[in-house]
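# Per-entry structural report
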Amino acid sequence: MAKRYFLGGGLMIGLLGACSGDDEATDGPEDAGPTCLAATEAFPISSALQTGPGVGFYETVNPFEYADFERTHVHRADFFGSFTDPLATAVSVRSFDGVYPTPYNVATRERDELFVYGGDPTGGVTPYVAKLDLSTGAEAWRTEIPQPSGAFSWPGLALVHGNGDVYALHGTRLVRLDAASGALEGDADLPAPTDIASSDTVYNGFTVGRDGLIVAKSISRPAGCEAQGPAALGECAGPTTPVPPSMVITVDPDTLEVLGRLEMPELVGGRLAQSRFEGEDYIYVGGNDDIYRVRRQGSALALDPWRYSGFLQESQAAPSAVVVMGDWVVFQMNASPGQTPMTVHAVAQRDPQIFARRDPFGPGGFGISFVPSSLTADSDTLRIYSQDTGRGQIAGLELVEGTTGPELVELWVVDQVTLHHLSLVGPSDARVLVSTDAPAALMALGSGATDYEERVVWRSAATGMELARSEPLPPMSGGSPVSPGFRGTVHYVGAAGTVFELSTSTGTLPVCD
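Description of the structure in this document. (Residues numbered from 1 in each chain as written. Predicted model: local features only at pLDDT ≥ 70, side-chain atom pairs only at ≥ 80, totals over all residues. Heavy atoms only, no water.)

## A short note on the overall build of the protein chain
- Within the protein chain, the regular secondary structure consists of four helices and 34 strands.
- At 22 Å, the protein chain has a C-alpha radius of gyration in line with the 24 Å of a compact globule built from 513 residues.
- Projecting the C-alpha coordinates of the protein chain onto the three principal axes gives extents of approximately 80 × 55 × 50 Å.
- Looking at the protein chain as a whole, 58% of its 513 residues qualify as buried.
- The long-range fraction of contacts in the protein chain, counting pairs at least 24 apart against all pairs at least 6 apart in sequence, stands at 54%.
- Taken as a whole, the protein chain presents about 19,300 Å² of accessible surface, with 50% of it coming from carbon and sulfur.
- Mean positive and mean negative side-chain charge positions of the protein chain (31 and 63 charges, respectively) differ by 2 Å. (Helix = DSSP H or I, 4+ residues; strand = E, 2+ residues; numbered from the N terminus. Rg over C-alpha atoms; globule rule 2.2 N^0.38 Å. Buried < 20%, exposed > 50% of the residue type's maximum accessible area, 1.4 Å probe, protein only. Contact = heavy atoms within 4.5 Å. Areas by Shrake-Rupley, 256 points an atom, 1.4 Å probe, with all protein chains shown as cover. Lys, Arg positive; Asp, Glu negative; His and termini not counted. Charge placed at Lys NZ, Arg CZ, Asp CG, Glu CD.)

In structure tokens form, the structure reads like this:
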């Protein structure tokens, strides 16, 4: 059987005897040793994962854009490479057939399934979900999510529910799809807040609770505004045309009936993070200068007295989405450009008066600080990974108990420009941070260029040391994560519509098929 593997950074094709089973190494001659490495050794985390129906989300590496209920970005996935010598780890790239225009996120289910969500009605692309067969690279099906003409457009995402079906949301349209065929099993138009037109409302994100209920959050543009996407919040808002407040809702996953709703005090730009803390289910959402907590009891929603306020500094922009890290709520500022450096915050769930703050980044060459993506947090290690596109840096921080209370201490800061989320893979004592590096991205944003290069980078989460770096790829779709898959792979969604699969290898032995 032909096997492809890497040795010393170069591609080698070896004609080797087949392994006796997926996870068993085959011995060669008496003194030759094994000819391939068992998958359970190379990929212990994803090999041990038993795929199938789960609590809330499907049991898989990447059922949801942010990995889990808390939006930590910590995936049950592996890194197959060297932790001491970056030159010893090679990166291979595979591109899939087909074009997936204006893509946003991908999700896994079974080991040979990948679901791609994308589309933009304002650009003439009807939103869709497509299924790829990872074994062949071919498209299995594509199902469109039609949108009303002229309606407010903003992408939501697609996820794989614990019941095994795929749910996707664009605008106010929520659909339930059969994972095997793509057949429409249900659809619903989600409601607008009071006195707001449905055509001016979108749901820019949703998640699933541990009981399977869908939880979604709206954004509305001012009446009469015709701008699309995030631009509507800046171009149309003014003293006489304020941006309407958001609404959080719960939805029955079987009937798609809206069960509960709560109108928030203000616009909530970032997406939802969930927590089960001291026996209660909470949802954390970020406003302009307030982090709110919503108590969820079944389908019922209520604003909780807990609130973290007054953190917005002069010339800072509002925060990106909140992440839950164990007993803490963490987030970073400047989801849009600000002049004041970004601050990372950690706030205790038991008491918002207990908190720590830190500005990890120095001045940037462009004099701005921003990133459209949320930070990443590791509940096992209490480490936080923050990125600042404007400063062109990524940082590793750790939450520790100081002499006067909690403190955020700096572990490392490196130069790396990314517009995207950061993903964590590997065991808790050897985490690897996966993201992208696109030094020309800032210039491209200012000029409208789309031909800059971007690379995927793997780093030690403990030290920031670079472990592997891919060859140049076309730009990634803005704000998307590099999404981990099975067997040490990651999926990269090119803005032009190509889906790539990247994998690393130490080159010592091929992995048994």
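Let us keep going from here.
## A few points about the sheet that holds strand β29 (residues 432-437)
- Taken in spatial order, the four strands line up as β28-β29-β30-β31 in an open sheet, and their pairing is antiparallel. Across the chains shown, the open sheet's two edge strands, defined by having one partner strand only, are β28 (423-425) and β31 (466-469). Averaged over all pairs of adjacent strands, the angle between their axes in this sheet comes to 30°, without regard to strand direction.
- Here three bridges tie strand β30 (residues 455-460) to β31, and the two strands are oriented antiparallel to one another. Looking at β31, one finds that V457 is bridged to R469. (Pairing = 2+ DSSP bridges. Axes fitted to C-alpha atoms, helices over the stretch in contact; angles between N-to-C directions.)

## Considerations on the side chain of S218
- Locating S218 in the fold gives a position in strand β13 (residues 214-220).
- There is a polar contact of 2.9 Å between the side chain of S218 and the backbone nitrogen of M247.
- Sequence-distant contacts of S218, defined by excluding residues within four places in its chain, comprise P193, T201, V202, Y203, S246, M247 and V268. (Polar contact = N/O pair within 3.5 Å; in protein donor to acceptor, adjacent residues only side chain to side chain.)

## Considerations on the pairing of strand β6 (residues 125-133)
- In terms of residue burial, β6 counts as a mostly covered element, since seven of its nine residues are buried.
- Between strand β5 (residues 113-120) and the antiparallel strand that follows it, β6, lie four residues; G124 among them carries a positive phi value of about 85°.
- With five bridges joining them, β6 and strand β7 (residues 139-144) adopt antiparallel strand pairing. If you follow K131 over to β7, its bridge partner there is W141.
- What sits between β6 and β7 in their antiparallel hairpin is a turn of five residues, with G137 showing a positive phi close to 85°.

## Quick look at unusual backbone geometry
- Positive phi outside glycine occurs at R71, with the angle close to 65°.
- Locating R71 in the fold gives a position in the loop between α2 (44-48) and β3 (90-95).

## Here we look at the environment of C225
- One can find C225 in the loop between β13 and α3 (231-235).
- As a C-alpha pair, C225 and F152 span 73 residues in sequence and 9.1 Å in three-dimensional space.

## Observations concerning the pattern of salt bridges
- For the structure shown, the criterion picks out 25 salt bridges.
- Among the ionic pairs, D200 bridges to R221, the shortest N-O distance being 2.8 Å. Of this pair, D200 sits in the loop between β11 (184-189) and β12 (201-208) while R221 sits in the loop between β13 and α3, and the two are 21 residues apart along the sequence.
- The partner of E410 in a salt bridge is R358, with the nearest N and O atoms 3.9 Å apart. Of this pair, E410 sits in strand β27 (residues 406-415) while R358 sits in strand β23 (residues 355-358); the two residues are 52 residues apart in sequence, bridging distant segments of the chain.
- Judged by relative accessible area, which is 41%, E410 ranks as partly exposed.
- Three or more residues joined by partner-sharing salt bridges are found here, namely D165, R176, E185 and D254. (Salt bridge = Lys/Arg side-chain N within 4 Å of Asp/Glu carboxyl O.)

## Some details on the environment of G224
- Along the chain, G224 falls in the loop between β13 and α3.
- In this structure the C-alpha to C-alpha distance between G224 and C236, which are 12 residues apart in sequence, comes to 8.6 Å.

## With respect to the packing of aromatic side chains
- On inspection of all chains with the given rule, the structure shows 14 aromatic pairs.
- Aromatic ring contacts, followed pair by pair, group F57, F64, Y66 and F69 into a single cluster.
- Here the basic side chain of R71 rests over the ring of Y66, its NZ or CZ set 3.7 Å away from the ring centre.
- Seen from the ring of F69, R210 lies directly overhead, with NZ or CZ sitting 4.4 Å from the centre. (Phe/Tyr/Trp six-rings, centres within 6.5 Å; stacked < 30°, edge-to-face > 60°. Lys NZ or Arg CZ within 6 Å of the ring centre and 35° of its normal.)

## Brief notes about the pairing of β12
- Taking burial as the measure, the eight residues of β12 include eight buried ones, the bulk of the element.
- Sheet analysis places β12 next to β13, joined by seven bridges and oriented antiparallel. Each residue of the ladder has a partner; that of T207, found in β13, is V215.

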